[in-house]
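Summary of structural features
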Amino acid sequence: MALAFKSTLRGYSAFLEKPERQILRSLFSDVLTLLGGVSPVDDPLEDDKPRFLDRFRTSDTVKLPDAPQPAQPSSSTDAAFWDLVGTLTEDPVHINLDDPAVKRLLPDARSGEGAQAGSEQFRDLAQDDIRQEKIADLQRAYALLQSGSLMLTRAEAESFSRALNQVRLVLSSRLNIVDEHDAERVHAIGSVDQATDVESYMALLYNFVSWLQETLMQALIGDLS
Amino acid sequence: MGMSITCAVDIDPDIAVKETTSVAEPWKVLVWNDPVNLMSYVTYVFRTYFGFSASVAHKLMLQVHHEGKAVVANGTKEEAERHVAAMHGFGLWATYEQNQ
């Protein structure tokens, strides 16, 4: 059972069971995919409780992987060069704005007169930066779930709250939460025995992520002067 | 969003710049209501990003919630773009438009 976020002297703490972290990670990955990002390298999750031997493990007994061998000269240097250049050139990432969930993450920016043309201009100007920020938040959040006991700095906590928000926006789009009545309908699904199909299971996830984000926001707001 | 009917008007960029610099705050930033963003989250974003006091942030959040939208900033086009980009980074549904 997850423990809510709370503000402590050492940071923002929470506890999440392994299955809860696995679910959150898969949700973060799903949103990353929608945004054309990739999940961080998937390290196996640590167990919920520290193992007995971990108490005796010190940093100098940890065996580091061997340093990568220096690259072969000439031909692979060219390859490395082109890899680098490849990442610098404009690589058009396909973002499917016809998907309402993607449109919810990257909405039109202009209202009023000339909204359509203005929104398109804004996309040309800013969409990629916004997308990259969202990807960075999701990747950080993914990495922060490595162990069951979370202890986040304020910056990490804010980043985590933005990532949770992205998950909720995507789930709300899939659940067709358009108005307050829809939100209440989804909110009413509170226990596992009510999760009889994909949609009600998704509603359960939505409610769990909402609960987690709300406890995090209360902890963060409580610390504002 | 029922705003896509408005046709795109070709504006000479030079003229647009002259117009925007002649008025102090020609653009406004709006945040729109949605049933997903938590009230606590919206309030937190208003306080930390715009630096609003707790009471101003709370009032604006309630205005978004009850009236469907609220103006959270006024400024030049560049400022409005920057604010809207930030709001989208937070996942808030924000737009900017010209003040009449």
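Above: the structure in question.
Residues numbered from 1 in each chain as written. Chains lettered and ligands numbered in written order. Predicted model: local features only at pLDDT ≥ 70, side-chain atom pairs only at ≥ 80, totals over all residues. Heavy atoms only, no water.

1. Quick notes on the sheet that holds strand β1 (residues 27–32) of chain B
Think of a sheet as strands paired side by side through backbone hydrogen bonds, with each pair either parallel or antiparallel. Residue and element names in this part refer to chain B. Within the open sheet, the 3 strands sit side by side as β2-β1-β3. Their pairing is antiparallel. In this open sheet, the two edge strands, each paired with only one partner strand, are β2 (69–75) and β3 (94–98). Each strand of the sheet is rotated relative to its neighbour by a mean of 30 degrees, with strand direction disregarded. In this sheet, β2 lies alongside β1 in antiparallel orientation, the contact comprising 6 bridges. Among the inter-strand pairings, K28 is bridged to a residue of β2, identified as N74. Helix α3 (residues 54–67) contacts β1 and β2 of the sheet and is inclined by roughly 130 degrees relative to β2. (Pairing = 2+ DSSP bridges. Helix = DSSP H or I, 4+ residues; strand = E, 2+ residues; numbered from the N terminus. Axes fitted to C-alpha atoms, helices over the stretch in contact; angles between N-to-C directions. Contact = heavy atoms within 4.5 Å.)

2. Structural notes on the packing of helix α7 (residues 198–222) of chain A against helix α2 (residues 39–50) of chain B
Contact geometry of α7 of chain A with α2 of chain B gives a least axis separation of 9 Å together with a crossing angle of 35 degrees. Along this stretch, α7 of chain A crosses α2 of chain B, giving a crossing that reads as left-handed. Contact residues: α7 of chain A offers Q213, E214, M217, Q218, L220 and I221 of chain A, while α2 of chain B offers S40, Y41, Y44 and R47 of chain B. Looking at the contact of α7 of chain A with α2 of chain B, its residues break down into 5 nonpolar, 3 polar and 2 charged. (Left-handed = near helix turned anticlockwise from the far one by under 90°. Nonpolar A, V, L, I, M, F, W, Y, C, P; charged D, E, K, R; others polar.)

3. Notes on the sheet that holds strand β1 (residues 3–8) of chain A
Residue and element names in this part refer to chain A. Overall, antiparallel pairing links the 3 strands, which are arranged β1-β2-β3 in an open sheet. In this open sheet, the two edge strands, each paired with only one partner strand, are β1 and β3 (149–152). For this sheet, the mean inter-axis angle between neighbouring strands, taken without regard to orientation, is 15 degrees. Contacts from helix α5 (residues 154–174) reach β1, β2 (11–15) and β3 within the one sheet, and its direction differs from that of β3 by about 115 degrees. Across the sheet, α7 is in contact with β1 and β2; its angle to β1 comes to roughly 15 degrees.

Shape descriptors only; they carry no functional weight alone.
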